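Listed below, chain by chain, are the residues.
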Amino acid sequence: CLIFQLYGYCYQDSNDIPDTLTTITELGSPLEMIQLLQTSWEDRFRICLSLVRLLHYLAHSPLGSVTLLDFRPRQFVIIDGELKVTDLDDASIEESSCTSNSDCFMEFPARNFTLPCSVEGRCQNMNEKRNLYNAYRFFFTYLLPHSAPSSLRPLLDKIVNATGKPTTGSNAKYLFPSCDCHAWELSPGLSVNSEFTQKCVKSANAKYKRVPEAFIPDENYRCWPSYHHKGCLLSVFDVNEAMEICDSYSQCKAFVLTNQTTWTGRQLVFFKMASNPIVPDPDKITYVKVTG
């Protein structure tokens, strides 16, 4: 579900505070943009993807197209890595009436737009366009390009530019199109057909010795972004990508494949400054860079 879950509520009257309402809801984390920018790009992509699903639901809800008039980060929480909206007090299903295009004027702090007035006397898709542009200015423009994989940046620029021009097209179908290299695919209705994968990896320059059922407990160094604050723990598509990453760090002399994966199925890998000592571990595979 894309909306914060309400599990129960009760009214309680008292002499001090009459008509007190107590609610029981899901436990979520407040959305802090500075903290999000310090997380991995893959996690931020997941948040944007959940926001895309929410945009699609709001545009095609059982009540009709719904707009969030107070569409800001403080209205959302993160639960299990997914973005959910918590405050629907300012939601509206009313599409603005009009007699001409000039009546369909959307005003924002940095940019304004004019939508067409339909023959039925309604501003076409104004609720959806308002949500889309707010998602662009509060979320996509910050979370998608920042520290994104270099091969994805041209595509992400197109996505961000498309969401920043809500008058283009009839809906948000321009979000997250399929691509050949780092492929995810959404249908025109924004339903997910395949998740994010990363397949275009250059061949590694160095040679590596494979040591099965082995782990390097020490020899950590820090890198950014990392899933571990005291070491360099990154996600990879396969061992070739791990080799390419290790090649790119001058201090990297080995890496360890774990049996843990991220939400997209990418494997978590520890990168190490040296290969001593190597200890037995049935759940891991170590690769040591061969020198000379």
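About the thresholds
- Residues numbered from 1 in each chain as written.
- Predicted model: local features only at pLDDT ≥ 70, side-chain atom pairs only at ≥ 80, totals over all residues.
- Heavy atoms only, no water.
- Core = buried A, V, L, I, M, F, W, Y, C linked by side-chain atoms within 4.5 Å.
- Buried < 20%, exposed > 50% of the residue type's maximum accessible area, 1.4 Å probe, protein only.
- Helix = DSSP H or I, 4+ residues; strand = E, 2+ residues; numbered from the N terminus.
- Contact = heavy atoms within 4.5 Å.
- Phe/Tyr/Trp six-rings, centres within 6.5 Å; stacked < 30°, edge-to-face > 60°.
- Lys NZ or Arg CZ within 6 Å of the ring centre and 35° of its normal.

Draft legend 1. The arrangement of the nonpolar core in detail. One finds Leu51, Phe76 and Phe139 to be the most contacted residues of the largest nonpolar core, which totals 45 residues. Elements represented by at least two residues in this core include exactly helix 1 (33–37), helix 2 (41–59), strand 5 (76–79), strand 6 (82–85), helix 3 (126–143) and helix 4 (153–163). If you tally residues by element for this core, the top one is helix 2, at 10 residues. The residues touching Phe76, leaving out its near neighbours within four places in the chain, are Leu31, Leu51, Leu54, Leu68, Phe71, Leu83, Lys84, Val85, Thr86 and Phe139.

Draft legend 2. Quick peek at the packing of aromatic side chains. Scanning the model with the defined rule gives 13 aromatic pairs in all. Taken together, a centroid distance of 5.3 Å and an interplanar angle of 55° make the contact between Phe71 and Phe76 tilted. With 5.3 Å between their ring centres and 35° between their planes, Tyr133 and Tyr136 make a pair best called tilted. With Tyr133 and Tyr136 both in helix 3, this residue pair falls 3 residues apart, about one helical turn. Accessibility assignment for this pair places Tyr133 and Tyr136 in one class, buried. Through a chain of ring-to-ring contacts, three or more aromatic side chains come together here, namely Phe108, Phe113, Tyr133 and Tyr136. Looking at Lys272, its charged tip hangs above the ring of Phe270, at a distance of 5.1 Å from the centre.

Bear in mind that shape data such as this cannot, by itself, settle questions of function.
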